[in-house]
Amino acid sequence: MSKRILLGVTGGIACYKSVHLCRLMVKAGFEVKVIMTTAACSFVTPLTFQAITGNRIYINEFEAGTEPDIIEHVWLAGWADEFIIAPATANIIAKIAHGIADDLLTSTVLPYKKPIKIAPSMNVDMYANPVTQKNLALLASLGHDLIDPNTGEMACRTEGKGRMAEPEEIFEYVFSKTKPLAGLTVLVTAGATAEAIDPVRYITNRSSGKMGLAVARQAKALGAEVKLVAGLTSVSTDGFDTVKVQSALEMLDAVKNAVQNTDILVMAAAVADFRVAEYSGAKIKKTDDDEITLRLIKNPDILKELAPMKKNGQVFVGFAAESDNLEENAKKKLVGKGLDMIAANDISRKDIGFETDDNEIVIFSADREPFSTGKVSKDKVAERLLLFAKELHGKKNGSV
Ligand SMILES: Cc1cc2nc3c(=O)[nH]c(=O)nc-3n(C[C@H](O)[C@H](O)[C@H](O)COP(=O)(O)O)c2cc1C
């Protein structure tokens, strides 16, 4: 377990929670050094962290040195086994994403060689701002670990996503020795397939790929080796061992190739049920006709195709996007597709599902009553789904 922890504290309301996080780390026996931004010092005093850690607090990179023989930002980056930034303001997230180094904290980020654990904390609209979202995606693609903020009441009296994860959750995320999926390989499909009509046009399904990517991200965080097969996604797949595909047939091939060495398969992709019967090699010209007819033929059902290849110990998980009769349809698919679990989404709701950051699924399996995750972030949904899949995997393989 890591012993030397560098805690970056930036200027947000959740600084008070960071004091508790610091205390948890000190109590666990870690040596903790704290870098505060000047804004952070307006929320809690350096003296608080100094008293808890027993170490001097680092704030100003140009201060005449108490340790004159070291260049502090380079030395601190080399010293730390773990680097946590909590709370992380929208500002620090933007600065790290773009390589800005204009204070001690950001100057220490650049020479630090390992992923940084970043706990965003901000007002719901700051968090939802597309610039913040792009910066967060950039940080994730660079390999940093983002600790998903919670949804709830904010200090600014708004309600939504952006509350920093609780200190205990951050502690657990960073230091948990238990990586329940360690040693397992999880294969995830994400995004939508695109069925080409001609070289410039295609038909596709609505899917951002966010749910599939959340499953991939959580599987990795829980210790699994992750393989991703991705169709069209509006979120980045960087940082994963990814096979990019376009059509359902390509996705079928890619999954068939990878599934043999997989322990848990999670099919979160929105695969088109139909493809165009006659692909036109040349762009279809605009004519004076008021209509054209595209004949569609059925795509293979990937899960049904995989069923005969399924090995005894493997766990296959499917998703069912339903607009009515959720339970009946999900149960039918569970049996009909030879699945161990199915995660059913009610796509008639506007607040969850397509393109949103939150989801609520009901998980159906052969040996348990259906249970709902409640409306939580897609990452939390993914975590619960994977832990349940792991439980089934354990039962099948005699380790539970
Ligand atoms: C009362 C108050 C609360 C704030 N809370 C947050 C916050 O929770 N998250 C955030 O990103 N910015 C927050 N800000 C704005 C930041 O403090 C501001 O962007 C600052 O420049 C951040 O500097 P730093 O990233 O160097 O710490 C808050 C500002 C004030 C005055």
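This is a predicted model, so every value here is computed, not measured.

Peer 1: Which residues make up the side chain of Ser208, and what values go with them?
Peer 2: You can see Ser208 is positioned in the loop between β10 (201-204) and α9 (210-221). When its relative accessible area of 5% is taken as the criterion, Ser208 is described as buried. One polar contact links the side chain of Ser208 to the main-chain amide nitrogen of Lys210, over a distance of 3.1 Å.

Peer 1: Talk me through the nonpolar core; I want residue IDs and the actual numbers.
Peer 2: Of all hydrophobic cores here, the largest spans 35 residues; its most connected members are Val186, Val266 and Leu385. Elements with a minimum of two residues in this core: β8 (185-190), α9, β11 (225-230), β13 (264-267), β16 (315-322), β17 (341-346), β19 (361-365) and α13 (378-396). Of all the elements, α13 adds the most residues to this core, at seven residues. If we skip the residues at most four places from it in the chain, Val266 touches Val186, Leu187, Val188, Thr189, Val215, Val317, Phe319, Leu385 and Leu386. Of all hydrophobic cores here, the second largest spans 26 residues; its members include Ile57, Ala119, Ile147 and Ala165.

Peer 1: Kindly report on α13, identifying the contributing residues and their values.
Peer 2: Helix length check: α13 (19 residues) gives 27 Å between terminal C-alpha atoms against 27 Å at 1.5 Å per residue, within 8%. All of the buried residues in α13 are Lys378, Asp379, Val381, Ala382, Leu385, Leu386, Phe388, Ala389, Leu392, His393 and Gly394. Within two residues after α13, Gly398 carries a phi angle of roughly 70°, on the positive side.

Peer 1: Quick one: what's the story with the sheet that holds β11, residue by residue and with numbers?
Peer 2: Where strands meet in a sheet, backbone hydrogen bonds hold them as pairs that are either parallel or antiparallel. Spatial strand order, β12-β11-β8-β13-β16-β17-β19-β20: eight strands in an open sheet with mixed pairing. Looking at which strands have only one partner, the edges of the open sheet turn out to be β12 (241-244) and β20 (368-372). Averaged over all adjacent pairs, the angle separating strand axes in this sheet is 15°, with direction ignored. Of the pairings in the sheet, the one linking β8 to β11 comprises six bridges and is parallel in character. Pairing of Thr185 across the sheet is with Glu225, part of β11. Against the sheet, α9 touches β8, β11, β13 and β16, its axis set at about 165° to β8. Taken strand by strand, helix α12 (residues 326-336) contacts β16, β17, β19 and β20, and its axis lies near 150° from that of β17.

Peer 1: So what's going on with the packing of aromatic side chains? Residues and values would help.
Peer 2: Under the defined criterion, the tally for this structure stands at six aromatic pairs. Geometrically, the ring pair formed by Trp75 and Trp79 is stacked, given 6.3 Å between the ring centres and 25° between the ring planes. Taken as a pair, Trp75 and Trp79 lie in helix α3 (residues 72-79) at a separation of four residues, close to a single helical turn. For Trp79, a relative accessible area of 8% puts it in the buried group.

The rules we used
Residues numbered from 1 in each chain as written. Predicted model: local features only at pLDDT ≥ 70, side-chain atom pairs only at ≥ 80, totals over all residues. Heavy atoms only, no water. Helix = DSSP H or I, 4+ residues; strand = E, 2+ residues; numbered from the N terminus. Buried < 20%, exposed > 50% of the residue type's maximum accessible area, 1.4 Å probe, protein only. Polar contact = N/O pair within 3.5 Å; in protein donor to acceptor, adjacent residues only side chain to side chain. Core = buried A, V, L, I, M, F, W, Y, C linked by side-chain atoms within 4.5 Å. Contact = heavy atoms within 4.5 Å. Expected span 1.5 Å × (residues − 1). Pairing = 2+ DSSP bridges. Axes fitted to C-alpha atoms, helices over the stretch in contact; angles between N-to-C directions. Phe/Tyr/Trp six-rings, centres within 6.5 Å; stacked < 30°, edge-to-face > 60°.

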